[in-house]
Structures are given as structure tokens and as C-alpha cells.
Amino acid sequence: MQRGRINGFESGLTEADVQATASRGLTGVMLAKTESPAQLKNLDAMLADAEIAVGLSRGSLEIVPLVETPLGVLQALSIAFSPRVRAMALGGEDLAAAV
């Protein structure tokens, strides 16, 4: 499995990262600092456009949310039920720094 890391929405780089990362060899993306299902819904729309642009079928790229903030931990269950999520990861160092 090959996944690209996407900067979180707070960075302002998410959309550019999706466009730069999406490719036929990719199986998914890891979204840094995921804090809400709404972020995943926005990412889903970005991925759908990127998938079409590179010739993939819509929904083929999975999302692995990186939970790295206290808010992300509180929202983890809701984040886990987003349609493209196949796994989640905990960013221990960033989380420890945020508490």
C-alpha cells in the first residue's frame, strides 16, 4: 500500500497537496491533524476531483486520518465512521505537545 501524506486544513496546503499527490500508484492519503468528520468530507470532495483528473474511479483512494490534537481525540469515533476511512493513526508526539 502506498499512501501520500497530506497537510492538515489548518496549514492552507491541503488542496495543493491532494493535487500534487494523487496518482495511479497511490492507494490512499494520510491527513495530518484530522479533527472532524467535516474535514474528511471536504477532503473526499478534493480527492474525487483528483481521482478523475488522474484516471482513477471516484472513491478509490482511502483516507487514513492522523489524530494529533486533543480535539481529534475527542472526535475520533465520528472520524472513524467517515466513508473512505480504512484505518486511523495516532500522532503521539504532536498530541503530547498539544496537551
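Conventions adopted
- Residues numbered from 1 in each chain as written.
- Predicted model: local features only at pLDDT ≥ 70, side-chain atom pairs only at ≥ 80, totals over all residues.
- Heavy atoms only, no water.
- Helix = DSSP H or I, 4+ residues; strand = E, 2+ residues; numbered from the N terminus.
- Contact = heavy atoms within 4.5 Å.
- Areas by Shrake-Rupley, 256 points an atom, 1.4 Å probe, with all protein chains shown as cover.
- Pairing = 2+ DSSP bridges.
- Right-handed = clockwise from strand over helix to strand, strands pointing away.
- Buried < 20%, exposed > 50% of the residue type's maximum accessible area, 1.4 Å probe, protein only.
- Polar contact = N/O pair within 3.5 Å; in protein donor to acceptor, adjacent residues only side chain to side chain.
- Core = buried A, V, L, I, M, F, W, Y, C linked by side-chain atoms within 4.5 Å.

Which residues make up the overall build of the protein chain, and what are the values?
Looking only at helices and strands, one finds five helices and four strands in the protein chain. The principal-axis extents of the C-alpha atoms in the protein chain amount to approximately 40 × 25 × 25 Å. Across the protein chain, the fraction of contacts at a sequence separation of at least 24, relative to all contacts at a separation of at least 6, is 64%. Taken as a whole, the protein chain presents about 5,500 Å² of accessible surface, with 56% of it coming from carbon and sulfur.

Lay out the sheet that holds strand β1 (residues 3-6) in plain terms, naming residues and giving numbers.
Strand order in the open sheet formed by four strands is β1-β2-β3-β4, and the pairing between neighbours is parallel. Strands at the two margins of the open sheet, each flanked by one partner only, are β1 and β4 (89-90).

Now, about the pairing of strand β2 (residues 28-31): what can you tell me, with residues and values included?
Strand residues, when the strand is regular, have side chains that alternate between the two faces of the sheet. As paired strands, β1 and β2 are joined by four bridges and run parallel to one another. Pairing of Gly4 across the sheet is with Val29, part of β2. Note that the unit made of β1, helix α1 (residues 14-21) and β2 has a crossover that is right-handed. Where β2 lies against strand β3 (residues 62-67), four bridges are found, and the strand directions are parallel. Looking at the pairing, Val29 lines up with Ile63 of β3. Once you follow β2 into helix α2 (residues 37-54) and on to β3, the crossover reads as right-handed.

Could you give an account of unusual backbone geometry, naming the residues involved and the relevant values?
In this structure, Lys33 is a non-glycine residue whose phi angle is positive, near 55 degrees. Here Lys33 shows up in the loop between β2 and α2. Lys33 sits in the partly exposed class, given a relative accessible area of 25%.

Before we move on, could you go through the side chain of Thr69 and cite the residues and values that matter?
Mapping Thr69 onto the fold places it in the loop between β3 and α3 (70-74). A relative accessible area of 10% places Thr69 in the buried class. Here Glu35 takes part through its side chain, which lies 2.8 Å from a polar atom of the side chain of Thr69.

Mind laying out the nonpolar core, listing which residues take part and the relevant values?
Core analysis: the biggest nonpolar cluster contains 16 residues, and Val18, Val29, Leu40, Leu43, Leu47 and Ile63 have the highest contact counts within it. Sorting the residues of this core by element identifies β2 and α2 as the ones contributing at least two each. Per-element accounting of this core gives the leading share, five residues, to α2.

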